[in-house]
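Architecture at a glance
Residue-level listing of the chains:
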Amino acid sequence: MSASEAVTDALRELHARFADVHEGRQADYIPELTRSDPGDFGLALVSMDGHSYSAGAADAPFTLQSVSKPFVYALALVSLGLDGVSRWVGAEPSGEAFNAISLEPGTGRPANAMVNAGAIVTTALVPDSRGEPAFGRILSCLSRFAGRKLDVDEDVYGSEAATGDRNRALAYLIRSTGSLPVDPVQAVDTYFRQCAVRATAVDLAVMAATLAYGGVNPVTGERVVPSGIAAQVLAVMATCGMYDSSGDWLLRVGLPAKSGVSGGLLAAGPARFGLAAYSPLLDASGTSVRGRAALAALSERLGLHLMKNPALPGSTVTLVTTADVLPSAPSGRLARALRERVGVVAAQGALDFTAAERVLYALDESGSEDAGPVVLDLREVTGADSDALVLLHAGLSRLAREGRRAAVVDPGDRLGPPDLVRERTGQDLPRFGSREEAAEQCARVLAGPGRAPTRWPRPTRGGR
Ligand code: DON
């Protein structure tokens, strides 16, 4: 027993709650799928640290079917970019079943890459590369998302290849409108193979976690796709992943998700968790009944609904004050008076745009009316993304132009390398190892040239 078993307990509880649901039917239009065990029910969750939790038949293998679609969409996006892919397949919810003839009037372009029509086109967009046919690339991409080598269930592949006339008909129809770049039979064959790739609920949770983690597999640490592409895939999953119940799913569960007719279902909580379920009994839209209920309950229980403002950070700014109240402040009257004019701001955690705005606001609020220098202590900052840096640099540049200088306590270079800071802020920001040192230097500068052994570095040209 260990503390983190509490997470497994939560999954076990949900498993027990929904294991008795026997509604729904196995898909039988791919005959081999009826050989699955309708009693199988697995749940899995993978965190952004790659911690994995599961309950029930989370290691039972099944075929990905439509769960493969977002990952192949990601691969096509890597090859052609969003504009390149969008020439062939749209990104609008079709409001129709997964196997509908949802083609844009006029162009014949499928509505999105999650319905069969769009997925067949998407698969056809993945080019063969030197020495590796398209399906090899698809299988290796799916495997990298899952963090282990996946394989094809040849029986399920053969079963769908033998019966999949509707998909072949769709491919011919799309080809007739000019929206399929390759031979329809070849495109559908590769698509059937990708649908027959075998995985478990744990694999699905890792795959979802990889999208949630911005394209990096949190278990293997491998970057599978660029973060911008992970975001694009999640966006299409959010609006189209659950076909004609996508709107209701987003409303109630609030997560990008994808279902498959063998009973697999995954959902991604961006920057939080990858979730997955497996249970072969399906509702009318081709979604696992127990999976839907369990993931909805998990999202509710873990507070994952996207619209619930999960990103509001705790506190970014931990201190806004003046240097005279720092414990190190000298007791002399003059020294204290000087330090009263020195602002001090300390920040912590990971800085994004929202957090950077808080830091800049605190800089404005800090210090005295006569706008003396300010110490910005970033020692407790764990990182800053590029948007945060642009905003911080611009803010520090504005301060300098208004005559207010900043001294940073930034031994970890959270503000970026000195060259970049110089280029963006138009100055060599004085950097110090401690808050006390920085405050002392600011006070000396205020005291005037006679008392200040070191001058501020001169502003350089540039700086926005
Ligand atoms: O193309 C098909 O019909 C299947 N290989 C996949 C469909 C599917 O999984 C629909 N999702 N719920």
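Residues numbered from 1 in each chain as written. Predicted model: local features only at pLDDT ≥ 70, side-chain atom pairs only at ≥ 80, totals over all residues. Heavy atoms only, no water.

**Digging into the overall build of the protein chain**
As a reminder of what qualifies: Every helix listed is a DSSP run of H or I at least four residues long, and every strand listed is a run of E at least two residues long, numbered separately from the N terminus. Per-residue accessibility, obtained with a 1.4 Å probe over protein chains only, is compared with the maximum for each type, and a residue is labelled buried under 20%, exposed over 50%, and partly exposed between these values. Per-residue and other accessible areas follow the Shrake-Rupley method at a 1.4 Å probe size, with only the shown protein chains counted as cover for residues. Here Asp and Glu are counted as negative and Lys and Arg as positive; His is not counted, and neither are the chain ends. By convention, the point assigned to a charge is CZ for Arg, NZ for Lys, CD for Glu and CG for Asp.
A count of helical and extended segments in the protein chain gives 16 helices and 13 strands. In terms of its C-alpha atoms, the protein chain occupies a principal-axis envelope of roughly 90 × 55 × 40 Å. For the protein chain, the residues scored as buried account for 52% of the 464 residues in total. About 19900 Å² of surface is accessible on the protein chain, with carbon and sulfur atoms providing 51% of the total. In the protein chain, 46 positive and 52 negative side-chain charges are present, and the distance between their average locations comes to 7 Å.

**Details of the sheet that holds strand 9 (residues 317-322)**
Selection criterion: Strands are treated as partners if at least two bridges between them are detected by DSSP. Here, two residues are considered to be in contact whenever any of their heavy atoms come within 4.5 Å of each other. Here, axes are lines fitted to C-alpha atoms. For helices the fit covers the stretch in contact, and angles between N-to-C directions go from 0 to 180 degrees.
One open sheet holds the 5 strands; their spatial order is 9-10-11-12-13, and the pairing between them is mixed. The open sheet has two edge strands, strand 9 and strand 13 (431-432), and neither has a second partner. Inspection of the sheet shows strand 12 (residues 406-409) paired to strand 13 by 2 bridges, in the parallel sense. Across the sheet, valine 409 pairs through a bridge with phenylalanine 432, a residue of strand 13. The strands touched by helix 16 (residues 435-447) are strand 9, strand 10 (343-351), strand 11 (374-384), strand 12 and strand 13; relative to strand 11, the strand with the most contacts, the crossing angle is about 150 degrees.

**Quick notes on helix 7 (residues 184-195)**
Residues that lie three or four places apart on an α-helix share one face, since the helix turns once every 3.6 residues. Filter applied, for reference: To estimate the expected span of a helix, count its residues, drop one, and scale the result by 1.5 Å.
Taking 1.5 Å of rise per residue, 12 residues should cover 16 Å, and helix 7 covers 16 Å from first to last C-alpha, within 8% of that figure. Of all the residues in helix 7, the buried ones are Pro184, Ala187, Val188, Thr190, Tyr191, Phe192, Gln194 and Cys195.

**What to know about the pattern of salt bridges**
Note the cut-off: Within this document, salt bridges are pairs made up of a side-chain nitrogen of Lys or Arg and a carboxyl oxygen of Asp or Glu, the two lying within 4 Å of each other.
Within the structure shown, the criterion is met by 22 salt bridges. Across the pair aspartate 151 and arginine 198 runs a salt bridge whose closest N-O atoms are separated by 3.1 Å. On the criterion of sequence distance, the pair formed by aspartate 151 in strand 4 (residues 151-152) and arginine 198 in strand 5 (residues 197-199) is long-range, its members being 47 residues apart. Judged by relative accessible area, aspartate 151 falls into the partly exposed class, the value being 39%. Here aspartate 428 ties to arginine 422 by a salt bridge, and the two come within 2.6 Å at their closest N and O atoms. By relative accessible area, which is 28% here, arginine 422 ends up partly exposed. Within this structure, Glu5, Asp9 and Arg12 form a network of salt bridges that share partners.

**Here's the deal with helix 14 (residues 386-401)**
Rules: By the criterion applied in these results, polar contacts are pairs of N or O atoms within 3.5 Å in which, for protein atoms, one can donate a hydrogen and the other can accept it, and in which residues neighboring in sequence qualify only through two side-chain atoms.
Taking 1.5 Å of rise per residue, 16 residues should cover 22 Å, and helix 14 covers 23 Å from first to last C-alpha, within 8% of that figure. Looking at helix 14, one finds that the buried residues are Ala388, Leu389, Leu392, His393, Gly395, Leu396, Ser397 and Leu399. Elements in contact with the buried residues of helix 14: strand 10, helix 13 (353-365), strand 11, strand 12 and helix 15 (418-425). Two to three positions downstream of the cap, the backbone nitrogen of aspartate 387 sits 3.1 Å from a side-chain oxygen, assigning the N-cap of helix 14 to aspartate 385. Phi turns positive, to about 90 degrees, at glycine 403, one or two residues after helix 14.

**Section: unusual backbone geometry**
Unusually for a residue other than glycine, tyrosine 243 sits at a positive phi of about 55 degrees. One can find tyrosine 243 in the loop between helix 9 (227-240) and helix 10 (246-252). Residue classification places tyrosine 243 among the buried positions, given a relative accessible area of 5%. In this structure, aspartate 413 takes a positive phi of about 55 degrees despite not being glycine.

**Description of the nonpolar core**
Which entries qualify depends on this criterion: Among buried residues, the Ala, Val, Leu, Ile, Met, Phe, Trp, Tyr and Cys ones that are joined through side-chain atoms within 4.5 Å form a nonpolar core.
Membership of the largest hydrophobic core comes to 84 residues, with the highest contact counts inside it found for Phe145, Leu204, Met207 and Leu266. For this core, the element with the highest residue contribution is helix 8 (residues 201-212), accounting for 10 residues. Apart from residues lying up to four places away in sequence, leucine 204 is in contact with Phe62, Leu64, Val67, Ala199, Gly264, Leu265, Leu266, Ala276 and Ala277.

**Describing the site of the ligand**
Basically, it comes down to this: A molecule or strand has a residue near it when one of that residue's heavy atoms lies within 4 Å. Ten residues, namely Ala, Val, Leu, Ile, Met, Phe, Trp, Tyr, Cys and Pro, are considered nonpolar, four, namely Asp, Glu, Lys and Arg, are considered charged, and the remaining ones, Gly among them, are considered polar.
Every one of the 14 residues lining the ligand counts as a neighbour, but Tyr29, Gln65, Ser66, Glu160 and Tyr191 are closest to it. Between the ligand and tyrosine 29 there is a distance of 2.5 Å, counted from an oxygen atom to a side-chain nitrogen or oxygen. With the chains in place, 99% of the 340 Å² that the ligand exposes on its own is no longer accessible. Classifying every residue of the shell around the ligand by side-chain character gives 6 nonpolar, 7 polar and 1 charged.

**As for the side chain of arginine 292**
Here arginine 292 lies in helix 11 (residues 289-302). Only 3.1 Å separates the side chain of arginine 292 from the side chain of aspartate 283, close enough to count as a polar contact. Sequence-distant contacts of arginine 292, defined by excluding residues within four places in its chain, comprise Met242, Ser245, Trp249, Leu265, Asp283, Ser285 and Thr287.

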